[in-house]
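Here is what each chain is made of, one letter per residue.
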Amino acid sequence: MHYTGMKTCAEAVERLCSPAHEVSAHYVIDEDGTLYRLVDERMRAWHAGVSFWQGLRDLNSTSVGIEICNPGHEYGYRAFPDAQVAALIDLCRGIVARHPSIVPRNVVGHSDVAQQRKIDPGILFPWKTLAEAGVGIFPRNAARSLDGDVQTALQRFGYEAGAESVKAFQRHFRPSKIDGVADLETRALLADLLDQVGGAP
């Protein structure tokens, strides 16, 4: 999941279709819910860049890239409209049905897989709404503290070890406070997610 970070969706589609820019995505979703398919899912699209998730680095070859039209932080970041979110959920349900290997923990944002250089789709992105609709994963009952090292647990979930991994996790799962501190709440949220995927340390 990405946001386009451009002033208009038309500009974003034009850029993603331009060979000169060497960037592409499989799908683009406008704010009114209009869906554009730019690259067949069976083909490689250039959307992830330098990235990492669950030990993989060439994510362009193993992922489906979705660009969600939003001006982003440079041009006036704003909430994602209901029509856009509904279209995204429908699209993702279809993708997951076609590709059963995309398990819930692998529905991620650009900031999850490129934590040192990206912050999209940002803190307003409705990850919880998607998870409640069966797309992705979100904490449900963060009742126990995490045992063991936070970096090890983050790697077990999928993140690359590094100084920005806690912030990347918080941006996705606790957007109310992104400070990079592995406090009790952050540890509890991570423990809950690992319990859900059967990877508790």
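For the structure, see preceding data.
First things first, this report covers the structure right here in the doc.

About the cut-offs
- Residues numbered from 1 in each chain as written.
- Predicted model: local features only at pLDDT ≥ 70, side-chain atom pairs only at ≥ 80, totals over all residues.
- Heavy atoms only, no water.
- Helix = DSSP H or I, 4+ residues; strand = E, 2+ residues; numbered from the N terminus.
- Rg over C-alpha atoms; globule rule 2.2 N^0.38 Å.
- Expected span 1.5 Å × (residues − 1).
- Buried < 20%, exposed > 50% of the residue type's maximum accessible area, 1.4 Å probe, protein only.
- Pairing = 2+ DSSP bridges.
- Contact = heavy atoms within 4.5 Å.
- Axes fitted to C-alpha atoms, helices over the stretch in contact; angles between N-to-C directions.
- Parallel < 35°, antiparallel > 145°, perpendicular 65-115°, else oblique.
- Left-handed = near helix turned anticlockwise from the far one by under 90°.

With that settled, the discussion passes to the overall build of the protein chain. What the protein chain contains, in helices and strands, is 8 helices and 4 strands. The order of α-helices and β-strands along the protein chain, N terminus first, is β-α-β-β-β-α-α-α-α-α-α-α. Its C-alpha atoms give the protein chain a radius of gyration of 16 Å, near enough to 17 Å, the size a compact globule of 201 residues would have. For the protein chain, the spread of C-alpha atoms along the principal axes amounts to about 50 × 35 × 30 Å.

Given a rise of 1.5 Å per residue, 14 residues ought to cover 20 Å, and the 20 Å separating the end C-alpha atoms of helix α8 (residues 184-197) matches this to within 8%. Listed as buried for α8 are T186, R187, A188, L189, L190, A191, D192, L193 and L194.

Across the sheet, 4 strands lie side by side as β1-β4-β2-β3; this open sheet has mixed pairing. Of all strands in the sheet, those bounded by a partner on one side alone are β1 (2-3) and β3 (35-37). Judged from the 3 bridges that link them, strand β2 (residues 27-29) and strand β4 (residues 66-68) form a sheet pairing that is parallel. The residue bridging I29 from the neighbouring strand is I68, located in β4. On the sheet, helix α1 (residues 9-16) packs against β2, β3 and β4 and is oriented at approximately 175° with respect to β2. The strands that helix α3 (residues 82-98) touches are β2, β3 and β4; relative to β2, the one it contacts most, it runs at about 155°.

On to the packing of helix α6 (residues 150-157) against helix α7 (residues 165-173). Close contact between α6 and α7 brings their axes to 10 Å; oriented N to C, the two are set at 55°. Viewed along their axes, α6 and α7 adopt a mutual orientation that is oblique. Crossing geometry of α6 relative to α7 is assigned as left-handed. Together, V150, Q151, L154 and F157 of α6 and S165, V166, F169 and F173 of α7 make up the contact between the two elements.

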